[in-house]
Amino acid sequence: ATGVDNGASNAASATADEIGPVTVSGIVTGKPLNGDAQPLGSATLTVKKVAEDGTEEAVAVPVSENGEFTVELDFGDTYVFNADDSGYGLISRRFEVYDRTNDKMDLQLLPRRTSTVELPESGDAIEVPLGASANGSEHSATLIIEPGDLALDDGNGEAVNGAIEIHHIVWDPAVDSET
């Protein structure tokens, strides 16, 4: 799997200064529900270096017309790739640079969706099917909302009811767990 530490023993025998930067390349694609993934040359891509104190410094990475990108990353560090494009949901992937051969990061965006539902003041919970997955299942995930579950003012205010709009992306069983 891309971004997995497959070379921890290599890291122990050489310092980051001795190894130098690692060039990582990849492609950003978008996969509609019905059809094949296509390169997204209009995608926005940022790469954030995660510092030991938890802070992140983000760098915008250019994406070619064919969705391709290349970025130099420091050996021994951890990064977060964020890709987004119109009509698709944001995707974030963690990438650890502990192996010189770990130099590929492909990002596949899935469609962004909006559902409007009527949330009652009381009674039974509502179930919102979040749609078919990009891998073909009919209803890969369902959101269950009970009356009173949602509240204003960061959960401290009145319960929300009436029409609500839910923004989501399709569930990707290739990378998302079932729980």
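Residues numbered from 1 in each chain as written. Predicted model: local features only at pLDDT ≥ 70, side-chain atom pairs only at ≥ 80, totals over all residues. Heavy atoms only, no water.

> Describe the overall build of the protein chain, naming the residues involved and giving the relevant values.
Along the backbone of the protein chain there are 2 helices and 12 strands. Listed N to C, the secondary structure of the protein chain is α-α-β-β-β-β-β-β-β-β-β-β-β-β in terms of helices and strands. When the 179 residues of the protein chain are sorted by exposure, 32% land in the buried category. Pairs at least 24 apart in sequence give 59% of the contacts found in the protein chain among residues at least 6 apart. By element, 45% of the accessible surface of the protein chain is carried by carbon and sulfur atoms, the whole surface being about 10600 Å². (Helix = DSSP H or I, 4+ residues; strand = E, 2+ residues; numbered from the N terminus. Buried < 20%, exposed > 50% of the residue type's maximum accessible area, 1.4 Å probe, protein only. Contact = heavy atoms within 4.5 Å. Areas by Shrake-Rupley, 256 points an atom, 1.4 Å probe, with all protein chains shown as cover.)

> Provide a residue-level description of the pairing of strand 1 (residues 21–30), including the pertinent values.
The pairing of strand 1 with strand 5 (residues 68–74) spans 7 bridges and is antiparallel. Following the sheet pairing, V24 is matched in strand 5 by V71. The pairing of strand 1 with strand 8 (residues 107–109) spans 3 bridges and is classified as parallel. What sits directly across from G30, in strand 8, is L109. With 2 bridges joining them, strand 1 and strand 2 (residues 38–39) adopt antiparallel strand pairing. In the strand pairing of strand 2, T29 is matched with P39. (Pairing = 2+ DSSP bridges.)

> I'd love a proper account of the environment of L40, names of residues and values included.
Looking at the element boundaries, L40 is found in the loop between strand 2 and strand 3 (44–50). The buried category is assigned to L40, whose relative accessible area is 10%. Each C-alpha atom, one on L40 and one on I27, is 8.2 Å from the other, the two residues being 13 residues apart in sequence.

> Run through the environment of V47, naming residues and quoting values.
Its location among the elements puts V47 in strand 3. C-alpha of V47 to C-alpha of N82: the two residues are 35 residues apart in sequence and 6.4 Å apart in space. Those residues within four positions of V47 in sequence are excluded, and the remaining contacts are E57, A58, V59, V61, L73, Y79, V80 and F81.

> Can you break down the environment of V160 residue by residue, with the values?
Its location among the elements puts V160 in the loop between strand 11 (142–145) and strand 12 (162–169). Linking V160 and L150, residues 10 residues apart in sequence, is a C-alpha distance of 5.5 Å. If we skip the residues at most four places from it in the chain, V160 touches L119, L150, A151 and L152.

> Summarise the pattern of salt bridges; cite the residues concerned and give the values.
On inspection of all chains with the given rule, the structure shows 5 salt bridges. A salt bridge links K49 to D77, with the shortest nitrogen-to-oxygen separation between them at 3.1 Å. With K49 in strand 3 and D77 in the loop between strand 5 and strand 6 (78–84), the pair connects residues that are 28 residues apart, well separated along the chain. According to the relative accessible area criterion, K49 is partly exposed, its value standing at 25%. For D77, a relative accessible area of 21% translates into the label partly exposed. Between K104 and D106 there is a salt bridge, and its shortest N-O distance comes to 3.5 Å. Residue classification places K104 among the partly exposed positions, given a relative accessible area of 40%. The partly exposed category is assigned to D106, whose relative accessible area is 40%. (Salt bridge = Lys/Arg side-chain N within 4 Å of Asp/Glu carboxyl O.)

> Give a description of the packing of aromatic side chains that names residues and reports values.
This structure, assessed with the given rule, holds 2 aromatic pairs. A centroid spacing of 6.0 Å and a plane angle of 50° characterise the contact between F69 and F81, whose relative ring orientation is tilted. Remark: F81 occurs in strand 6 and F69 occurs in strand 5; sequence separation between them is 12 residues. Accessibility assignment for this pair places F69 and F81 in one class, buried. Between F81 and F95, the ring centres sit 5.6 Å apart and the planes meet at 65°, which makes this aromatic pair edge-to-face. Here F95 lies in strand 7 (residues 91–96) and F81 lies in strand 6, a separation of 14 residues in the sequence. For the pair shown, F81 and F95 are each scored as buried. (Phe/Tyr/Trp six-rings, centres within 6.5 Å; stacked < 30°, edge-to-face > 60°.)

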